[in-house]
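# Observations on the model geometry
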Amino acid sequence: MKVTVVGAGAVGASCAEYIAMKNFASEVVLVDIKEGYAEGKAMDLMQCASLNGFDTKITGSTSDYSKTAGSDIAVITSGIPRKPGMTREELIGINAGIVKSVSESLLKESPNVIIIVVSNPMDTMTYLVHKTTGLPMNRIIGMGGALDSARFRYRLSEAMDCPASDVKGMVIAAHSDKGMLPLTRLAVRNGVPASKFISEDRLNQVAEDTKVGGATLTGLLGTSAWYAPGAAVSTIVQAIACDQKKMIPCSTMLSGQYGESDICMGVPVILGRNGIEKIVEIDLNEAEKAKFAESAEAVRKVNATL
Ligand SMILES: NC(=O)c1ccc[n+]([C@@H]2O[C@H](COP(=O)([O-])OP(=O)(O)OC[C@H]3O[C@@H](n4cnc5c(N)ncnc54)[C@H](O)[C@@H]3O)[C@@H](O)[C@H]2O)c1
Ligand SMILES: O=C(O)C[C@H](O)C(=O)O
């Protein structure tokens, strides 16, 4: 299993590190435009192999896509991150050109590759990769819901004063500060509704804190987060590589599901060796349906600026 990660910055390197630590891929190729940067990150990570006990071979390349030939999975993290006070949508001007050219270069060397899009604004960048490459929907996956759901479970565990491993919960819709839809109604602690443990007000606060999870970290760090994003990407890569059939919310091209078409948005999908093998349609209540539609409207406006 060969995995390429384009962008050897904070998220790309974290993602490569988690993939290696999980020890399921034979090879990870890091690519960056900064001369020597990907090679340096790859060497540093390889010097962890004997310490951390992994066998994945990590190499780096400065813009030479021939090194990525025959990749099964490619992750696009190239592009600029936001700074405090910015929205993800403000990154579109620079990141759209980068994501378009990177996806074309990847496909030339790896015609069967499955592409995972991370660069922001992620739902629109996922849509752009569809329009650029024309690949079938199962082979283009936007990463946002996996991360937002992990942040939701973190906030739920904090509110219920329990370990995050006790908690299940999902965030769907857009990967944006206003457009995320944390499904508080369906959140559980070992099968028991979260509403049995905390008040409705507290649950609403959990949802609000989750939605601004990325902005909160950007304010604290001065740039956006990388550990949980890297871990979330590695979970998706592993689900595909190991044909796990896991259900994870991902941004995918909708064609009628959830009442939307010709738009990439976060919904639960089953991930296996073919990428997105199924979109799972869950029954939303009227309030959730309205929020999903509002979120889609905002994503459409951003897509229109491409
Ligand atoms: N979808 C998500 O949940 C999520 C989570 C975190 C970050 N992000 C996004 O991921 C992107 C990367 O974030 P980061 O913190 O790693 O940024 P970063 O600046 O640390 O790294 C980005 C890297 O991309 C490289 N790059 C730029 N243009 C390139 C090109 N044409 N080809 C190859 N490499 C190129 C840069 O040299 C840099 O090393 C940002 O757009 C950020 O908003 C998304
Ligand atoms: O918040 C950001 O800009 C980066 C990323 O989308 C995140 O949610 O951490």
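About the criteria used
- Residue numbers run consecutively from 1 along every chain, following the written order of its sequence.
- Each chain gets a letter, beginning with A, and each ligand a number, beginning with 1, in the order they are written.
- Totals for whole chains, interfaces and linings use every residue, but because this is a predicted model, local features are given only for residues with pLDDT of at least 70 and side-chain atom pairs only at 80 or more, for both listing and counting.
- Calculated side-chain values reflect all of the structure's heavy atoms, with hydrogen atoms and water omitted.
- Throughout this document, a residue counts as near a molecule or strand when at least one of its heavy atoms sits within 4 Å of that molecule or strand.
- Pairs of N or O atoms within 3.5 Å make up the polar contacts considered here, provided that, within protein, one atom can donate a hydrogen while the other can accept it, and that residues adjacent in sequence are counted only when both atoms are side-chain atoms.
- Accessible surface area values rest on a Shrake-Rupley calculation with a 1.4 Å probe, where residue burial reflects the displayed protein chains alone.
- The secondary structure listing takes helices from DSSP runs of H or I that are at least 4 residues long and strands from runs of E that are at least 2 residues long, numbered from the N terminus.
- Gly is put with the polar residues, along with every residue not named as nonpolar or charged; the nonpolar set is Ala, Val, Leu, Ile, Met, Phe, Trp, Tyr, Cys and Pro, and the charged set is Asp, Glu, Lys and Arg.
- Only the six-membered ring of Trp is used, alongside the rings of Phe and Tyr, when aromatic pairs are assigned; centres must lie within 6.5 Å, and planes under 30 degrees apart are stacked while those over 60 apart are edge-to-face, with the rest tilted.
- Exposure categories follow from relative accessible area, calculated using a 1.4 Å probe and restricted to protein chains: below 20% of the type maximum is buried, above 50% is exposed, and the middle band is partly exposed.
- Any Lys NZ or Arg CZ that is within 6 Å of a ring centre and within 35 degrees of that ring's normal is treated as a charge sitting over the ring.
- As a rule, the C-alpha atoms of each element are fitted with a line to give its axis, helices using only the stretch in contact, and angles between N-to-C directions run from 0 to 180 degrees.
- Working rule for angles: under 35 degrees goes down as roughly parallel, over 145 as roughly antiparallel, 65 to 115 as roughly perpendicular, anything else as oblique.
- What makes a crossing left-handed is the near helix being turned counterclockwise from the far one by less than a right angle; a clockwise turn instead makes it right-handed.
- Residue contacts are defined here by distance: any two heavy atoms, one from each residue, within 4.5 Å place the two residues in contact.
- UniProt positions are given in the numbering used here, feature names are shortened, and annotations may be inferred rather than shown by experiment.
- The salt bridge definition used is simple: a Lys or Arg side-chain nitrogen within 4 Å of an Asp or Glu carboxyl oxygen.
- Expected span, for any helix, means 1.5 Å times one less than how many residues it has.
- When we speak of the arc, we mean the arc of directions from the helix axis to the C-beta atoms.

## As for the site of ligand 1
In the neighbourhood of ligand 1, 27 residues make up the surrounding shell, with Val 11, Asp 32, Ile 80, Asn 120 and Met 143 lying closest. One nitrogen or oxygen atom from the main chain of Ile 33 is found 3.5 Å from a nitrogen atom belonging to ligand 1. For ligand 1, whose accessible area on its own is 870 Å², the fraction buried by protein is 88%. Of all the elements in the fold, those that place two or more residues in the shell around ligand 1 are helix 1 (10-22) and helix 4 (92-109). Ranked by the residues each element gives to the shell around ligand 1, the list is headed by helix 4, at 3 residues. Here the shell around ligand 1 is built from residues that sort into 16 nonpolar, 9 polar and 2 charged.

## Describing the packing of aromatic side chains
Each aromatic ring pair is summarised here by two numbers: the centre-to-centre distance and the angle between the ring planes. Counted according to the given criterion, the structure contains 2 aromatic pairs. With centroids separated by 5.2 Å and ring planes inclined at 25°, the aromatic side chains of Tyr 258 and Phe 292 adopt a geometry described as stacked. With Tyr 258 in the loop between strand 12 (246-255) and strand 13 (261-272) and Phe 292 in helix 10 (residues 286-304), this residue pair connects regions lying 34 residues apart in the sequence. When sorted by exposure, Tyr 258 lands in the same class as Phe 292, which is buried. Between Lys 34 and the ring centre of Tyr 37, over which it is positioned, the NZ or CZ distance is 4.1 Å.

## Some points on the environment of Lys 245
With respect to the secondary-structure elements, Lys 245 resides in the loop between helix 9 (227-241) and strand 12. Overall, the relative accessible area of 42% leaves Lys 245 in the partly exposed class. Separated by 2.6 Å, the side chains of Lys 245 and Glu 277 make a polar contact.

## Points about the site of ligand 2
As a structural note, the neighbourhood of ligand 2 is formed by Arg 82, Arg 88, Asn 120, Leu 147, Arg 151, His 175, Gly 214, Thr 218 and Ser 224. Interatomic distance of 2.5 Å between a side-chain N/O atom of Arg 82 and an oxygen atom of ligand 2. In isolation ligand 2 has 270 Å² of accessible area, and contact with the protein removes 94% of it. Of all elements in the fold, only helix 6 (145-160) and helix 8 (213-221) reach the threshold of two or more residues within the shell around ligand 2. Residues of the shell around ligand 2, tallied by class, amount to 1 nonpolar, 5 polar and 3 charged.

## Some thoughts on the packing of helix 4 against helix 5 (residues 122-133)
Here helix 4 crosses helix 5 at 40°, and the two axes come no closer than 9 Å. Classified by the angle between their axes, helix 4 and helix 5 sit oblique to one another. By crossing handedness, the relation of helix 4 to helix 5 is classed as right-handed. Seen from helix 4, the contacting residues are Ile 92, Asn 95, Ala 96, Val 99, Lys 100, Ser 103, Glu 104 and Leu 107; seen from helix 5, they are Thr 124, Met 125, Leu 128, Val 129, Thr 132 and Thr 133. Residues belonging to the contact of helix 4 with helix 5 are distributed by class as follows: 7 nonpolar, 5 polar and 2 charged.

## Description of the UniProt feature "active site" (unreviewed entry) in the protein chain
What UniProt calls "active site" (unreviewed entry) maps, in this numbering, to His 175. With respect to the secondary-structure elements, His 175 resides in the loop between strand 8 (171-173) and strand 9 (180-182). Among the residues examined, His 175 registers a relative accessible area of 8% and is labelled buried. If we ignore the near neighbours within four places in the chain, the residues touching His 175 are Arg 88, Asn 120, Met 122, Asp 123, Gly 144, Leu 147, Asp 148 and Met 180.

## Details of the pattern of salt bridges
Under the definition given, this model contains 14 salt bridges. Between Arg 155 and Glu 158 there is a salt bridge whose closest N-O contact spans 3.0 Å. Of this pair, Arg 155 and Glu 158 both sit in helix 6, 3 residues apart, which is roughly one turn of the helix. Residue Glu 158 is classed as partly exposed on the basis of its relative accessible area, which comes to 38%. Overlapping salt bridges bring together Arg 82, Arg 88 and Asp 177 as one network.

## Quick notes on the environment of Met 21
For Met 21, the location among the structural elements is in helix 1. With near-sequence residues (within four places) excluded, Met 21 lies in contact with Asn 52 and Phe 54.

## Quick notes on helix 7 (residues 200-211)
Along its 12 residues, helix 7 runs 17 Å from first to last C-alpha, staying within 8% of the 16 Å computed at 1.5 Å per residue. Among all positions in helix 7, only Leu 203, Val 206, Ala 207, Thr 210 and Lys 211 are buried. What you see down the axis of helix 7 is that its buried residues fit within an arc of 135°, all on one side.

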